[in-house]
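Summary of the model geometry
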Amino acid sequence: MTIHLPAPDGSLRAYEPRTEPFTVTPGIPFTSRTVFSAAHVVADPFADTNPDAPAAVDWDATLAFRRHLWSHGLGVAEAMDTAQRGMGLDWAGAAELIRRSAAEARAVGGRIACGVGTDQITGGTLAEIRAAYEEQLALVEESGAQAILMASRALAATATGPEDYLDVYGHLLRQAAEPVVLHWLGPMFDPALAGYWGSADLDAATETFLEVIAAHPDKVDGIKVSLLDAQREVDLRRRLPQGVRCYTGDDFNYPELIAGDEQGFSHALLGIFDPLGPLAAEAVRLLDTGDTAAFRGLLDPTVELSRHLFQTPTRFYKTGVVFLAWLAGHQTHFTMVGGLQSARSLPHFARAYELADGLGLFPDPKLAEDRMKTLLALYGVAR
């Protein structure tokens, strides 16, 4: 079982795949942490479409993947950036995704939270941005899912300072039926969100963010921080009002942030838990027993893969996530909405395969090897 993988310099090197996967048995629900996996969507490979057209989604495969995550005790963070919101999936597609996933969650008893944004508009006045948020918030609440107030490209483009963020978010939190999660997505994930909360100075932006929370602590279940800055997240979570959780979105430093310290810890809402689902769940169950060392021993080795998938340009991490889902057998093809399967290079895919295989992430290592060889052949690498 030798496979020849391309290196960045164009050479080929021999790699011996694993013969046995890392196996876990779904267990009892988590007790020490609340953990969401942001989940990808599966494209319909037979749709006659193009990158500028509305997304064609394979709903059966998309929902089957969510059942996979729920079966391991993970919550699903739906219609987030991992699902290609604003990168192939428009609001109409996201709305259908929310309806279908929320119904599936009710049917199987899975936990779900859904992204609320403003992507049905590209700009506008503050009143129009509020109305766009309200439309999406109403749909999520009607579906029975928890709401995640996502960062808005339209608000980032329109707001003139911190007061506009205080106004828009205050308006939304006052009318939210249940506590929501506030999402701070850094510009490494979406360049259009630079200067969010009214300042390019992260210290100033943090103060505005905390002001929003402090004004409505009863309406904020937690915050999801995706800045890839571990110390900033720790400093921020230590300043949260009592009862407001911090959900790490740091795909570079998640083991240490979830493990926490003597002053607290982060829960999790992570894109990397899409490919890591069963392994991540096993790690959290170890943490539930109080065995932090075993938790770190299992999860720390996954960081190299995560940092590889989320390397600059970070927003294209979705390509690696879907690639690994294909290799793992969760879908029959490597096609993405918006044609995003073209967003990473062959050496990038080769390294992702090697790292994921080394962790035992593929339930059927031979299937993963065969599919990797198929991809290599398509790129002109001789078998």
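Just above sits the structure.
Below is a summary of the structure that appears in this document. (Residues numbered from 1 in each chain as written. Predicted model: local features only at pLDDT ≥ 70, side-chain atom pairs only at ≥ 80, totals over all residues. Heavy atoms only, no water.)

In this section: the overall build of the protein chain. Scanning the protein chain for helices and strands turns up 14 helices and 10 strands. Computed over C-alpha atoms, the radius of gyration of the protein chain comes to 20 Å, within 12% of the 21 Å expected from 2.2 N^0.38 for 383 residues, which places it in the range of a compact globule. Expressed as lengths along the three principal axes of its C-alpha atoms, the size of the protein chain is roughly 60 × 50 × 45 Å. When burial is assessed residue by residue, the protein chain has 56% of its 383 residues classed as buried. Nonlocal contacts in the protein chain, meaning residues at least 24 apart in sequence, comprise 70% of its contacts between residues at least 6 apart. (Helix = DSSP H or I, 4+ residues; strand = E, 2+ residues; numbered from the N terminus. Rg over C-alpha atoms; globule rule 2.2 N^0.38 Å. Buried < 20%, exposed > 50% of the residue type's maximum accessible area, 1.4 Å probe, protein only. Contact = heavy atoms within 4.5 Å.)

Here we come to the pattern of salt bridges. Scanning all chains against the criterion turns up 19 salt bridges. We note a salt bridge from Arg-153 to Asp-190, for which the minimum N-O separation is 2.7 Å. Taken together, the residues Arg-153 in helix α4 (residues 153–158) and Asp-190 in the loop between β7 (180–185) and α6 (202–215) connect sequence positions 37 residues apart. Residues Asp-229 and Arg-232 are paired through a salt bridge, measuring 3.7 Å at the closest nitrogen-oxygen approach. Here Asp-229 falls in the partly exposed class, since its relative accessible area comes to 31%. Each of Arg-13, Glu-304, Arg-351 and Glu-354 takes part in a single network of salt bridges with overlapping partners. (Salt bridge = Lys/Arg side-chain N within 4 Å of Asp/Glu carboxyl O.)

Our next topic: the nonpolar core. The nonpolar side chains of a soluble globular protein tend to be buried with one another. One finds Tyr-169, Leu-182, Tyr-196, Ile-223, Phe-273, Phe-323 and Tyr-353 to be the most contacted residues of the largest nonpolar core, which totals 120 residues. In this structure, Ala-113, Met-150, Tyr-247 and Leu-269 belong to the second largest nonpolar core, which totals 10 residues. (Core = buried A, V, L, I, M, F, W, Y, C linked by side-chain atoms within 4.5 Å.)

Where helix α1 (residues 59–71) contacts helix α2 (residues 91–108), the two axes come as close as 10 Å, and the packing angle between them is 45 degrees. By the angle between their axes, α1 is oblique relative to α2. Here α1 runs over α2; the crossing is right-handed. Along the contact surface, α1 presents Trp-59, Thr-62, Leu-63, Arg-66, Arg-67 and Trp-70, while α2 presents Gly-93, Glu-96, Leu-97, Arg-100, Ser-101, Glu-104, Ala-105 and Val-108. Across the contact of α1 with α2, the residue classes break down as 6 nonpolar, 3 polar and 5 charged. (Axes fitted to C-alpha atoms, helices over the stretch in contact; angles between N-to-C directions. Parallel < 35°, antiparallel > 145°, perpendicular 65-115°, else oblique. Left-handed = near helix turned anticlockwise from the far one by under 90°. Nonpolar A, V, L, I, M, F, W, Y, C, P; charged D, E, K, R; others polar.)

Before going further, it helps to spend a moment on the packing of aromatic side chains. One pass over the structure, following the stated rule, counts 20 aromatic pairs. Ring geometry for Trp-184 versus Trp-197: centroids 6.4 Å apart, planes at 85 degrees, classification edge-to-face. You can see Trp-184 sitting in strand β7 and its partner Trp-197 sitting in the loop between β7 and α6, a full 13 residues away along the chain. On the basis of relative accessibility, which here comes to 3%, the residue Trp-184 falls in the buried class. Residue classification places Trp-197 among the buried residues on the basis of a relative accessible area of 0%. Put simply, the rings of Tyr-133, Tyr-165, Tyr-169, Trp-184, Tyr-196, Trp-197 and Phe-209 touch in pairs and so form one group of aromatic residues. The side chain of Arg-33 reaches across the aromatic face of Phe-265, ending 3.5 Å from its centre. (Phe/Tyr/Trp six-rings, centres within 6.5 Å; stacked < 30°, edge-to-face > 60°. Lys NZ or Arg CZ within 6 Å of the ring centre and 35° of its normal.)

So, on to the sheet that holds strand β9 (residues 245–248). Strand order in this closed barrel of 8 strands is β3-β4-β5-β6-β7-β8-β9-β10, and the pairing throughout is parallel. Averaged over all adjacent pairs, the angle separating strand axes in this sheet is 25 degrees, with direction ignored. In the sheet, strand β4 (residues 75–78) pairs with strand β5 (residues 112–116) via 3 bridges, with the strands oriented parallel. Looking at the pairing, Ala-77 lines up with Ala-113 of β5. (Pairing = 2+ DSSP bridges.)

Relative to the helices and strands, His-333 is located in the loop between α12 (317–327) and α13 (346–358). Judged by its relative accessible area of 9%, His-333 is buried. One polar contact links the side chain of His-333 to the main-chain amide nitrogen of Thr-335, over a distance of 3.1 Å. Aside from chain neighbours lying at most four places away, what touches His-333 is Val-42, Ala-43, Pro-45 and Trp-326. (Polar contact = N/O pair within 3.5 Å; in protein donor to acceptor, adjacent residues only side chain to side chain.)

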